[in-house]
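Structure assessment
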Amino acid sequence: MVVKRLLWAMPVLWLILTITFFLLRVAPGGPFDQERELTPEMMQLINDKYQLDQPLIHQYGSYLSATLHGDLGPSFQYIDYSVNELVALGLPVSLKLGFWALLLALVLGLLLGMIAATYANKWPDLVAMITAVIGISTPNFVIAPLLVLWLAVHWQWLPVGGWSGGHWTYVVLPVITLSLPYIASIARLVRGSLLEVYSQPFVRTAKAKGLSDSSVLFKHALRPAMLPLVSYLGPTAVGLMTGSVVIEQIFGIPGMGRYFVQGALNRDYTLVLGVVLVVGLLMVLFNLLVDVLYRWIDPRMGVEGSH
Amino acid sequence: MKLKLGLGLLFIIVVMVLIGPVFSEFDPETIHWDDMAIPPDSIYWMGTDVMGRDLYIRILLGGQVSLMVGIVATLVSVVIGVFYGMAAGFLGGRVDAVMMRLVDVFYALPFLFLVILLMVFFGQYLWLLFVAIGCYLWLDMARIVRGQTMMLKRQAFVEAAHALGQSNKKIIFSHVLPNLKGVVIVYATLTIPQVIMIESFLSFLGLGVQEPMTSWGALVNEGASNMDMAVWSLLFPALFLALTLIGFNLVGDGLRDRWDPALQNNK
Amino acid sequence: MTNQKPLLNIKNLIVEFNTEHDLVRAVDDLSFQIEAGKTMGLVGESGSGKSVTALSVLGLVPQPPGKITSGAIEFRGTDLLHLPEKQLRCIRGNDISMVFQEPMTSLNPVFRVGHQIAEVLRLHQKLNRKQAKARTIELMDWVGIPEPHRRYRFYPHEMSGGQKQRVMIAMAIACQPRLLICDEPTTALDVTIQRQVLELLKNLQQELGMSMLFITHDLGVIADLADEVVVMYRAKKVEQAVTQNIFNAPQHPYTKGLLACRPKLHDNPKRLLTVGDYMAESGVALNPPEVSFESQIKSDKSTQPALLEVKNLKTYFPVKTGLWGRVTSHVKAVDGVSFTVKKGETLGLVGESGCGKTTLGRTILKLQTATAGQVIYDGIDVFAQKPQQLRQLRSRMQIIFQDPYASLNPRMTVGQTLMEPLQLHQPHNSKQQNWNKAAELMQQVGMNPDQLNRFPHEFSGGQRQRISIARALAVEPEFIICDESVSALDVSVQAQVLNLLLDLQDQMGLTYIFISHDLSVINFIADRVGVMNQGKLVELNTADEIYRNPQNPYTQKLLDAIPEPMPEPMPKL
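A quick note: this is a predicted structure, and the numbers were derived from the prediction, not measured.

Further remarks concern the pairing of strand E13 (residues 346-350) of chain C. All names here are of chain C. Most of E13 is tucked away: five of the five residues are buried. The side-chain alternation of E13 yields two buried faces, one formed by Thr346, Gly348 and Val350 and the other by Leu347 and Leu349. Relative to strand E18 (residues 511-516), E13 runs parallel, the two being bridged by five bridges. Bridge assignment links Leu349 to a residue of E18, and that residue is Ile515.

Encoded structure:
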């Protein structure tokens, strides 16, 4: 199953690369438009390095073959760096941010959802769900500046931005803002699926055995109720990746998202392609992980493969 | 309850956005050099931004853009999604397998990145924004509609229509589509806030709506970069944006509670 | 009256449910007692309050919307209704346990069945993991699960319905309860499996000396199981008597009606008496009409010309695997079936779930594509028809489905539903003409034509099934396939619909294929009976011959499994 999935990922990644490659090239403007009047010698140097004088198809072919060998090419904007080096610098930062945000979203989301489902239609549920709707409806680029304004500028508890090698004080605010909308939607999802599981006959069976409410929740209801959450993890991961584009911009964090936006604005072809490829790869891996997790939680999946 | 609250909220916002500009004497682009970053007062009802432009009129006109993008892009996604999903679900078999495989491929694309790219390069064309967002969001709709169609296709009343000698076309239009209506409306209602969110996200990155036009996302962006001088220039557009999204989410949730076939079967 | 206190004493129980519009009494002033070691049958139709009664005993009525307004439920002298939750939990699954109706959904799908049984032992008997496992395997063996060591590690979906119900029973008796509540434990099972499960329950009850509260809608199931029976009707107890007396000398008109409306194997009335013949809506007893109980004289139709010929019909479903759905094997749902149906006769098709009878019906109408074989209808090869011709042909052949809730489009009024086929096959008729025709059809199936503007959800299951019949009649067919058309209905409603189908056959000379899992129903309605097993027609003969002198061992097994209310008093086991 896993092998098949990985084989399946190859054409998807190729498609991503191809779309991005030609999208970049048909776009108006080039990487060196801002420079004034390049001398023919400099032009020659640039063409030697980036092969921009070759036919497009040829460039595409050599880019693909280099990529297959793990070489993402030189960056157009950061002249001294290769894209591989830039990814090696940015990826750990983005991953760290994404990991903590995901963890926070899962823990708080599950907790809130469980509380809301346990006290369904009573006041804790109402409070949790109103908070959740507000959380989902407030873009994190609205919340981020407000948090910065109060926590960092007014009270000066935390730094305004920057990364500083990932010191925890610099991580806290970005992680919170990044995870807020996902806490809210996970809470809603968990509440909904728990309530649905609670209406299933097997929960009644569990109660008829004499199990306490908390045993019913943790031993019988939670695991089946996790299934929709697991399928939601794929889109969540994507959301965290794209969401971090904004967060990195706001907090000035040197992650992949910033490379991407700046690269796109500066027509840094190789850098944009590199970032898109890495993100695509991460998505494929994450979806694979979600699939495995799903099968692990739900034993029925094995036989239903025929559908 | 949710439904009424949401509808009320949306009604107020839509009325303000559509009719509100009439009551303002200001032009959204005129710069008042003497009145930069003025807090809300009796002249500038929502204050001015750091460039001295009246925020009230800018927010309401920006709202028109945000709402329009939301609705048009949602329509694009609904039309594509419903027809694609219904075709896959109704035809079934190999056609369905291929069509859904394609959706899987699209799902695996980091679409938002591509949308960002599109906007970077072709940002001056607002219509492209609709197309890009609509193309991104039709996938969910197609999946939901396909699932519902498959379910409906197996229902005895559709089989009965076949047995009565009804044509496929008639069956789709009189038995399948009417029963899809609820689901489509619910998810369309929930798609609108998503679109508005994506638009504002792009505008926040400076990639969406371009000057002189503005939208809530663009206004939030401006407000955020100047919040230490004029916090109201962040708060007002943010409030409008959030309230609109809350309104749509409430309506969508409310409709789902009312219509969701899964909930109805509880009887 | 014995001096001994009863094990369970339900006193004046009232349970109410808050619905959207008003307060509904689900159980109304119910009292009965169960002595130690005895079995009490609780009989009633859907919505009569019997399940709510069972849930009340264990304190499992969902609150809200339910509410136990008054009364007492005493178990060994303690009132369960006023017991703190914590003490009640010590009784649940330990002293009182329960087996539910749906074995498919009553087990947790993501846990191994062994663990689900062991959980009870660990909870109430404080066994450690190893002891619990050993005891679980003993229990599984005891309830007749083969290879318990291996099946301990099975997930519910890996087991058949009957085995799952055995798991439920093992779970329920794990702590040797004093009272076992069975809520329709065999309703979802095939008739042969039902037989085995009932026997298991009876044996267990004797071995453990426990009491049983056995809830069912089917009087037949309870006959040789219960010592005493309580009959419930619309939330109230209408009769309580020793089992034999319920069958031989029923007092309440509802009980009489309930007994009469169930088709029996041995005496075959011309039409079934219904509850409505015994009792008016108000509850007043009526004098039932005379019904000739001499065997229904089935007119000989063997000389009639054949209307339908099915020749070596095969329907296989491909089993697809892999990414692109490569076909690796086939499920042979219908595997080489041949028979003819004569004009005006009713052919009954009987078999257990999964035997292919429904697929057979759908294939005959080309709602499902056949793999091989031929269907000749009145000289026309059904499978060779072009789409346009097929649509023409379909006005002559109709089908009525099982589920009265799914067979009507929820977004169309009854009028629109009935007009659809009329407009299709009589396009030149005016709207008014069709509307009048729809009203006529409503009357024909015994419904009020004023209700044409209503939507399906405003009708009961039986009424909806009548509407489905009216829709089928709208195209004036000669031939109707009834696919389990009365299986989802309560027995009293079932009798009405069966009578309606017979009347329509008399009036219009219809030909039926009647598909059912219920041999008694088939016996009542069919002239000839085909028995299906694993996609094959194993026996085909006149109804009388099949029931009196079955040739095939499978037919024999099916007939043996039917629970039959005592035809005459017989000693209880």
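Our focus in this paragraph is the sheet that holds strand E16 (residues 397-400) of chain C. Think of a sheet as strands paired side by side through backbone hydrogen bonds, with each pair either parallel or antiparallel. Residue and element names in this part refer to chain C. Reading across the sheet, the six strands line up as E16-E17-E18-E13-E19-E20 and stay open at both edges, with mixed pairing between neighbours. Here the strands that pair on one side only, and so sit at the sheet edges, are E16 and strand E20 (536-542). This sheet shows a mean twist of 15° between the axes of neighbouring strands, independent of strand direction. As judged from the six bridges shared by strand E19 (residues 528-533) and E20, these two strands associate in the antiparallel manner. Bridge pairing links Val531 to Glu539 in E20.

Okay, the nonpolar core next. Core analysis: the largest hydrophobic core is formed by 322 residues, its most contacted members being Ile116(B), Ile133(B), Val220(B), Ala170(C), Leu213(C) and Phe214(C). Excluding residues within four positions of it along the chain, Val220(B) makes contact with Phe141(A), Val142(A), Ser200(B), Phe204(B), Leu234(B), Pro237(B), Ala238(B) and Leu241(B).

Attention now goes to the domain arrangement of chain C. All names here are of chain C. Entries for chain C in the domain assignment read domain 1 (1-95 + 178-251), domain 2 (107-174) and domain 3 (345-359 + 382-560). Placing a centre on the C-alpha atoms of domain 1 and another on those of domain 2 gives a separation of 25 Å. Per-element tally for the side of domain 1 that touches domain 2: the top contributor is helix H8 (residues 191-208), with seven residues. Split into classes, the residues belonging to the side of domain 1 that touches domain 2 amount to 10 nonpolar, three polar and no charged.

Let us now look at the interface of chain A and chain B. In this assembly, 34 residues from chain A lie in contact with 31 residues from chain B. Among the elements of the structure, helix H1 (2-26), helix H5 (123-137), helix H6 (140-154), helix H9 (213-251), helix H10 (256-265) and helix H11 (269-297) of chain A are those that each provide at least two residues to the side of chain A that touches chain B. When the residues that make up the side of chain A that touches chain B are grouped by side-chain class, the tally is 26 nonpolar, eight polar and no charged.

A few words on the interface of chain B and chain C. The interface of chain B with chain C comprises 14 residues on the first partner and 22 residues on the second. For the side of chain B that touches chain C, the elements supplying multiple residues, two or more each, are helix H6 (156-164) and helix H7 (168-204) of chain B. The leading source of residues in the side of chain B that touches chain C is H6(B), at seven residues. Partitioned by chemical class, the residues of the side of chain B that touches chain C number seven nonpolar, six polar and one charged.

Turning our eyes to something else, we now look at helix H15 (residues 414-425) of chain C. Taken together, the buried positions of H15(C) are occupied by Val414(C), Thr417(C), Leu418(C), Met419(C), Glu420(C), Pro421(C) and Leu422(C). Against the buried residues of H15(C) lie H6 of chain B together with helix H16 (431-444) and helix H17 (461-474) of chain C.

What follows is about the pairing of E18(C). Residue and element names in this part refer to chain C. For E18, a buried count of six out of six residues is recorded, marking the element as mostly surrounded by other parts of the structure. Side chains Thr511, Ile513 and Ile515 project from E18 onto one buried face, and the interleaved Tyr512, Phe514 and Ser516 project onto a second face that is buried too. The pairing of strand E17 (residues 479-483) with E18 spans five bridges and is parallel. Among the inter-strand pairings, Ile481 is bridged to a residue of E18, identified as Ile513. Between the parallel pair E17 and E18, the chain is carried across by helix H18 (residues 491-508), and the sense of this crossover is right-handed.

Here we take up the environment of Gly530(C). Residue and element names in this part refer to chain C. Its location among the elements puts Gly530 in strand E19. Linking Gly530 and Thr255, residues 275 residues apart in sequence, is a C-alpha distance of 33 Å. Non-local contacts of Gly530, meaning those with residues more than four positions away in its chain, are made with Phe339, Leu347, Gly348, Leu349, Leu537 and Leu540.

All names here are of chain C. Sheet architecture is open: four strands sit in the order E2-E1-E4-E5, paired in antiparallel fashion. Edge positions in the sheet fall to strand E2 (23-34) and strand E5 (78-79), since each of these pairs with one other strand and no more. By the bridge criterion, eight bridges tie strand E1 (residues 8-18) to E2 in an arrangement that is antiparallel. Bridged to Leu8 within E2 is Ile34. Docked against the sheet, helix H1 (residues 50-57) engages E1, E2 and strand E4 (66-75), running at close to 65° with respect to E2.

Criteria and thresholds
Residues numbered from 1 in each chain as written. Chains lettered and ligands numbered in written order. Predicted model: local features only at pLDDT ≥ 70, side-chain atom pairs only at ≥ 80, totals over all residues. Buried ≥ 20, exposed ≤ 12 C-beta atoms within 10 Å, placed from the backbone. Helix = DSSP H or I, 4+ residues; strand = E, 2+ residues; numbered from the N terminus. Pairing = 2+ DSSP bridges. Axes fitted to C-alpha atoms, helices over the stretch in contact; angles between N-to-C directions. Core = buried A, V, L, I, M, F, W, Y, C linked by C-beta atoms within 7 Å. Contact = placed C-beta atoms within 7 Å. Domains from an automatic or database assignment. Nonpolar A, V, L, I, M, F, W, Y, C, P; charged D, E, K, R; others polar. Right-handed = clockwise from strand over helix to strand, strands pointing away.

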